[in-house]
Amino acid sequence: MKRAFPFMAIAALIVSACGSGDDPLIIYSGRSEELVQPLIDTFSAETGIEVEVRYSGSTELAATLLQEGDSTDADVFFAQDPASLGSVAEMMRSLPSDLLSKVESKFTDEEGRWIGISGRIRTFVYNTGTD
């Protein structure tokens, strides 16, 4: 449940900012459905908010957002890579300061438009022995 908090908090804030309680929350997710859908299901169960998700690659969804512009139905862009996120950052509103204060500044946009909610560590393994 603690892993789901950042996503649910962001989505709840966006829903409250949108103001239309009857409309579903629309998420464009560049993250894997296998990893994201359980978080979305938890959010929906706990809030009663209907959620519709469009899954695709982050790059493709960023291009779609840029094409749709202000007429997009998306409420949340859940990107997998910083390049896709950066390409649409100008379209985003700033998040509330109480949410931003929960995340170290090195994991947020300088303008407060997005926060990192997960990380990835990559390792390189090599043999130091010689034959």
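Below, the structure is looked at part by part. Please read all numbers here as calculations on a predicted model, not as lab measurements.

A word on the overall build of the protein chain
- For the protein chain, the helix and strand inventory stands at five helices and three strands.
- For the protein chain, the α and β elements follow one another from N to C terminus as α-β-α-β-α-β-α-α.
- Contacts spanning at least 24 positions in sequence make up 56% of the contacts within the protein chain whose residues lie at least 6 apart.
- Taken as a whole, the protein chain presents about 8900 Å² of accessible surface, with 50% of it coming from carbon and sulfur.

With respect to the pattern of salt bridges
- Counted according to the given criterion, the structure contains three salt bridges.
- Close ionic contact of arginine 113 with glutamate 90 constitutes a salt bridge, the shortest N to O distance being 3.1 Å. Of this pair, arginine 113 sits in the segment after helix H5 (97-100) while glutamate 90 is found in the loop between helix H4 (82-88) and H5, placing the two residues 23 residues apart along the sequence.
- Residue class for glutamate 90 comes out exposed when judged on its relative accessible area of 70%.
- The salt bridge involving aspartate 109 is made with arginine 113; its shortest N-O contact spans 2.7 Å.
- What makes aspartate 109 buried here is its relative accessible area of 12%.

A short note on the sheet that holds strand S1 (residues 25-29)
- Read from one edge of the open sheet, three strands run S2-S1-S3, paired in parallel fashion. Each of the sheet's edge strands pairs with one partner strand only, and the pair in question is strand S2 (51-55) and strand S3 (76-78). Adjacent strand axes in the sheet meet at a mean angle of 20 degrees when their direction is disregarded.
- Bridging between S1 and S3 involves three bridges; their strand directions are parallel. Considered in S3, the bridge of tyrosine 28 is made with phenylalanine 77.
- Lying on the sheet, helix H2 (residues 33-47) is in contact with S1, S2 and S3; it crosses S2 at an angle near 170 degrees.

With respect to a negative patch on the surface
- Taken together, the side chains of Asp22, Asp23, Glu50, Glu52 and Asp73 make up a negatively charged region of the molecular surface.
- Here glutamate 50 is to be found in the loop between H2 and S2.

With respect to the nonpolar core
- Within the largest apolar cluster, 10 residues are counted, these being Ile26, Tyr28, Leu61, Ala62, Leu65, Ala74, Phe77, Ala79, Leu85 and Val88.
- At the level of elements, S1, helix H3 (58-68) and H4 are the ones that each hand at least two residues to this core.
- If one sorts the elements of this core by residue count, H3 sits on top with three residues.
- Filtering out sequence-adjacent residues up to four positions away, leucine 61 remains in contact with Tyr28, Ser29, Gly30, Arg54, Ser56 and Phe77.
- Counting residues in hydrophobic clusters, the runner-up holds nine residues, among them Phe43, Ile49, Val51 and Val76.

What about the pairing of S2?
- With five bridges joining them, S1 and S2 adopt parallel strand pairing. Bridging across to S2, tyrosine 28 finds its partner in arginine 54.
- With H2 bridging S1 and its parallel neighbour S2, the resulting β-α-β unit is right-handed.

Parameters and conventions
- Residues numbered from 1 in each chain as written.
- Predicted model: local features only at pLDDT ≥ 70, side-chain atom pairs only at ≥ 80, totals over all residues.
- Heavy atoms only, no water.
- Helix = DSSP H or I, 4+ residues; strand = E, 2+ residues; numbered from the N terminus.
- Contact = heavy atoms within 4.5 Å.
- Areas by Shrake-Rupley, 256 points an atom, 1.4 Å probe, with all protein chains shown as cover.
- Salt bridge = Lys/Arg side-chain N within 4 Å of Asp/Glu carboxyl O.
- Buried < 20%, exposed > 50% of the residue type's maximum accessible area, 1.4 Å probe, protein only.
- Pairing = 2+ DSSP bridges.
- Axes fitted to C-alpha atoms, helices over the stretch in contact; angles between N-to-C directions.
- Patch = residues over 30% accessible without salt bridge, like charges linked within 9 Å, V, L, I, M, F, W, Y side chains within 5 Å.
- Lys, Arg positive; Asp, Glu negative; His and termini not counted.
- Charge placed at Lys NZ, Arg CZ, Asp CG, Glu CD.
- Core = buried A, V, L, I, M, F, W, Y, C linked by side-chain atoms within 4.5 Å.
- Right-handed = clockwise from strand over helix to strand, strands pointing away.

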